[in-house]
Structures are given as C-alpha cells and as structure tokens.
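Chains, contacts and geometry: an overview
Okay, here's what each chain looks like letter by letter:
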Amino acid sequence: MNAPYRKKYIANIIGDNYEEWGRRKIFLKAPTGTGKTTFLVKKLLAYHRMRGKKVLILCNRKLLRKQYLGQLTQEFDSYAEFNDAVEVKTYQELANILASGADPVRLFNKYEAVFMDECHYFYSDSDFNGIGTYVLLHAIIYAGMLCQLVFISATMDCVQDLIVEVIKNCAVQYPQELRRGIDFEKSCQMLSYDFDYLARYDHIRCKYIPDYETLCSLIGS
C-alpha cells in the first residue's frame, strides 16, 4: 500500500535561507497552492518586521490586494503596527503615483524589501497598461536596487528573462554616489527558486468535447 501523499510547501523547503538573502533579487516560481502568500506573510515579512524594517507588497489585481489585507490584519494588533511594517498596493496604483510625478527612488527609500506577486503582470498586461509595464518595471527595479526585490509567479518563464535584463541595465545606470557604503555587487546578485515540481494535478478530471457547439450546449445546460 502506498504511503499517503504529504503536500510540501515552499516555506518548509526554503527553511531559514531567506535570512541570507539580504538585498539580492529573488525569483520564486511556484504553482498555485504551494504556500507563496503564507511564506511571504508568515516568514519573510515577519523577518523584516522583527528587524524594524518596512515592506511593500505589490500585486496585479484589487481582489488579490484585499486577500493580502485580510491575511495581514490577523498578524497585527493595531493599525499603527500594520502601517509601520507593510504597505500593499496594486501595480496600477503604483503606476498612477509615479505618473503624477512622484520620485520613485525617494518613494522606495522607506522600504527594506519589495515583494512583487504575480509578476507576470509585466508581460501579460504589457499591451494595454496605460503607463507601460516596461516603464513601470524599470522604475521599480531602479528605485529598488538597494532593496531586497522578490519576484513571485506561477508562470515565471514568460517574464524572468525580461526582469533579469532590466536588473542588469539598472545596475549599470545606477549612480556611483548612491552606492557608497553598500555592497552594491551583492545587491545585484540574483537567486532563483523553481518549485514547479510541487504541482499536483490528480484532482483534475479531463473531458473531451468534440466541437464548440457541444461545449456551448453543455455550459448552457
């Protein structure tokens, strides 16, 4: 008899390695249901909070922002504690702030780390986003060169090469006077974690539909 399957979560696999990440740029490729949000809130955010540092969480949809806020409110005893530790914005909100003339470098000075959930947004929304997702991505990375940047997606392949290219370009462009007292070379280093192997598809049941008309009739029935 086969032993029962025990689901693995990325927090258990990463362990305490995140304590060594520093200002590096981190890629987390992980399927849905592997505990990405739990890891960010319970482990990584808690670590920065313990050190008295503030974190910005960016996501691609208002609904996901609400889900983050709902989970985060359970972690704090007061709004003051919450406000000192974390902000949650959609990419679109941040784009509007920057479009109004805000200086991204000054804006990011208060953050130790920026978590970018569903970062495939920079690819998937590139054709219809007002400010231009490439412009926004460049602004975030340039402003966050001295921050820990964490990119999270279940579909990282479509966007990781683009992000890597922008990180390298921003590293070259970054002013020498802002690098003083910082191990800038280490802050440009990138670490990539691929958790695709954690995906489980046993719950999916496949059906064959011979044509579009049959599909429509089944949906309408």
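Anyway, here's the lowdown on the structure attached to this text. (Residues numbered from 1 in each chain as written. Predicted model: local features only at pLDDT ≥ 70, side-chain atom pairs only at ≥ 80, totals over all residues. Heavy atoms only, no water.)

Bringing helix 5 (residues 91–99) into the picture now. Restricting attention to buried positions, one finds in helix 5 the residues Tyr-91, Leu-94, Ala-95 and Leu-98. Viewed end-on, helix 5 has its buried residues packed into an arc of 105°, placing them on one side of the element. Following helix 5 by one or two positions, Gly-101 has its phi on the positive side, about 110°. (Buried < 20%, exposed > 50% of the residue type's maximum accessible area, 1.4 Å probe, protein only. Helix = DSSP H or I, 4+ residues; strand = E, 2+ residues; numbered from the N terminus. Arc of directions from axis to C-beta.)

Burial analysis of strand 3 (residues 86–90) places 5 of its 5 residues in the buried class, the great majority of the element. Across 5 bridges, strand 2 (residues 55–59) lies against strand 3 in parallel orientation. Bridged to Val-55 within strand 3 is Val-86. (Pairing = 2+ DSSP bridges.)

Right, let's talk about the packing of helix 2 (residues 36–50) against helix 3 (residues 62–72) for a bit. The angle between the axes and the distance between the axes are what describe a pair of packed helices. Remark: helix 2 packs on helix 3, axes separated minimally by 11 Å, with the N-to-C direction vectors making an angle of 45°. It follows from the interaxial angle that helix 2 and helix 3 lie oblique. You can see that helix 2 and helix 3 cross each other, and the crossing is right-handed. For the pair helix 2 and helix 3, the contacting residues are Thr-37, Thr-38, Leu-40, Val-41 and Leu-45 in the first and Tyr-68, Gln-71 and Leu-72 in the second. For the contact of helix 2 with helix 3, the residue count by class is 5 nonpolar, 3 polar and no charged. (Axes fitted to C-alpha atoms, helices over the stretch in contact; angles between N-to-C directions. Parallel < 35°, antiparallel > 145°, perpendicular 65-115°, else oblique. Left-handed = near helix turned anticlockwise from the far one by under 90°. Contact = heavy atoms within 4.5 Å. Nonpolar A, V, L, I, M, F, W, Y, C, P; charged D, E, K, R; others polar.)

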